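What follows is the residue order along each chain.
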Amino acid sequence: AQSVTQLGSHVSVSEGALVLLRCNYSSSVPPYLFWYVQYPNQGLQLLLKYTSAATLVKGINGFEAEFKKSETSFHLTKPSAHMSDAAEYFCAVSDLGSSNTGKLIFGQGTTLQVKP
Amino acid sequence: GAVVSQHPSWVICKSGTSVKIECRSLDFQATTMFWYRQFPKQSLMLMATSNEGSKATYEQGVEKDKFLINHASLTLSTLTVTSAHPEDSSFYICSAMEDSNQPQHFGDGTRLSIL
């Protein structure tokens, strides 16, 4: 079985500060991992994905994430926060590689607040 | 690329009516589409997985007679909430996947309010 835990339901940073959103996963098979962002009253937009290639993954809007197998982590970072980064962020793991249905298991989400 | 259109974006209707939500992949063929439900300040809950030309696979606890899913073509899936009641009010989101090696791409969601 696969699961995702996002540590911290709410993260607040100042504009220009480092953004770090934490995600730990559990998977019995090599995981496919994703970060999505959701703005109010909208669907989810893919930020980046890890599919067993390079462990440091670069995404859109200056975000990146590093896959660390030893720590079962896939934390999302951005060097300098912008006001427009304020949103809900979801980490997800896929069952690709096991049952191969493409189902995503989502974490509970982290609300990022950016203060001026 | 990889645009998913969901319609309508907002629905308000009376208790007892049925509501149909459409999910279309605009620039790719989706072998699989997913339907999610999201409560305020919560994560997405997968309701069902839909493959073109076959019956949808529902998650445990989701009433298949209540939430009818049709995936008639490689670019269109519909979710019909039958005899909707206030407890069905929620944000419903669809996603589409070109194949199992590609990520899911999401629609913008439908806010359903049952009076």
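A short tour of the structure in this document, coming up. (Residues numbered from 1 in each chain as written. Chains lettered and ligands numbered in written order. Predicted model: local features only at pLDDT ≥ 70, side-chain atom pairs only at ≥ 80, totals over all residues. Heavy atoms only, no water.)

1. Considering the overall build of chain A
- When its secondary structure is counted, chain A shows zero helices and 11 strands.
- Counting from the amino terminus, helix and strand elements in chain A follow one another as β-β-β-β-β-β-β-β-β-β-β.
- In terms of overall dimensions, chain A is globule-like: its C-alpha atoms have a radius of gyration of 14 Å, near the 13 Å expected for 116 residues.
- Projected onto its principal axes, the C-alpha positions of chain A cover 45 × 30 × 20 Å.
- Taken over 116 residues, chain A has a buried fraction of 44%.
- For chain A, the exposed area adds up to about 5400 Å²; of that, 53% sits on carbon and sulfur atoms.
- Put simply, chain A has 8 plus and 7 minus side-chain charges, and the middle of one group is 4 Å from the middle of the other. (Helix = DSSP H or I, 4+ residues; strand = E, 2+ residues; numbered from the N terminus. Rg over C-alpha atoms; globule rule 2.2 N^0.38 Å. Buried < 20%, exposed > 50% of the residue type's maximum accessible area, 1.4 Å probe, protein only. Areas by Shrake-Rupley, 256 points an atom, 1.4 Å probe, with all protein chains shown as cover. Lys, Arg positive; Asp, Glu negative; His and termini not counted. Charge placed at Lys NZ, Arg CZ, Asp CG, Glu CD.)

2. Remarks on the interface of chain A and chain B
- The interface of chain A with chain B comprises 19 residues on the first partner and 21 residues on the second.
- Regarding the contact of chain A and chain B, the summed buried area is about 1600 Å², with carbon and sulfur atoms giving 54% of it.
- A per-residue breakdown of the area chain A buries against chain B is headed by N41, L44 and K103 of chain A, which together make up 26% of the total.
- Connecting chain A to chain B are one salt bridge.
- Linking chain A to chain B there are seven residue pairs in polar contact (both at pLDDT 80 or more).
- Elements represented by at least two residues in the side of chain A that touches chain B include exactly β4 (32-38), β5 (44-50) and β10 (104-106) of chain A.
- Within the side of chain A that touches chain B, the residues separate by chemical class into eight nonpolar, nine polar and two charged. (Contact = heavy atoms within 4.5 Å. Buried area = accessible area lost by both parts, 1.4 Å probe. Salt bridge = Lys/Arg side-chain N within 4 Å of Asp/Glu carboxyl O. Polar contact = N/O pair within 3.5 Å; in protein donor to acceptor, adjacent residues only side chain to side chain. Nonpolar A, V, L, I, M, F, W, Y, C, P; charged D, E, K, R; others polar.)

3. Notes on a nonpolar patch on the surface
Residue and element names in this part refer to chain B.
- On the surface, a cluster of nonpolar side chains totalling about 380 Å² of accessible area is made up of W10, I12 and L115.
- Looking at the element boundaries, L115 is found in the segment after β11 (110-114).
- Classification of L115 as exposed rests on a relative accessible area of 64%. (Patch = residues over 30% accessible without salt bridge, like charges linked within 9 Å, V, L, I, M, F, W, Y side chains within 5 Å.)

4. A word on the packing of aromatic side chains
- Counted under the stated rule, the structure contains 13 aromatic pairs over all chains.
- Between the aromatic rings of F90 of chain A and F106 of chain A, the centroid separation amounts to 6.1 Å while the plane-to-plane angle is 85 degrees, which identifies the pairing as edge-to-face. Highlighted residues: F90 of chain A in strand β9 (residues 87-94) and F106 of chain A in strand β10, separated in sequence by 16 residues.
- Here F106 of chain A falls in the buried class, since its relative accessible area comes to 9%.
- Site record: aromatic cluster; members linked through ring pairs are F34, Y36, F90 and F106 of chain A together with F34, Y36 and F106 of chain B. (Phe/Tyr/Trp six-rings, centres within 6.5 Å; stacked < 30°, edge-to-face > 60°.)

5. Comments concerning the environment of M47 of chain B
All names here are of chain B.
- Considering the arrangement of structural elements, one finds M47 in strand β5 (residues 44-51).
- Accessibility expressed as a relative area gives 2% for M47, which makes it buried.
- Note: C-alpha distance between M47 and S89 (42 residues apart in sequence) is 14 Å.
- Among all residues touching M47, those that are not within four sequence positions of it are W35, Y36, R37, T57, Y58, E59, V62, F67 and Y92.

6. Digging into the side chain of T110 of chain B
Residue and element names in this part refer to chain B.
- By secondary structure assignment, the location of T110 is in strand β11.
- Among the polar contacts made by the side chain of T110, one reaches the side chain of Q6 at a distance of 3.0 Å.
- The contacts of T110, once residues within four sequence positions are left out, are Q6, H7, P8, S9, V11, I21, S90, F91 and Y92.

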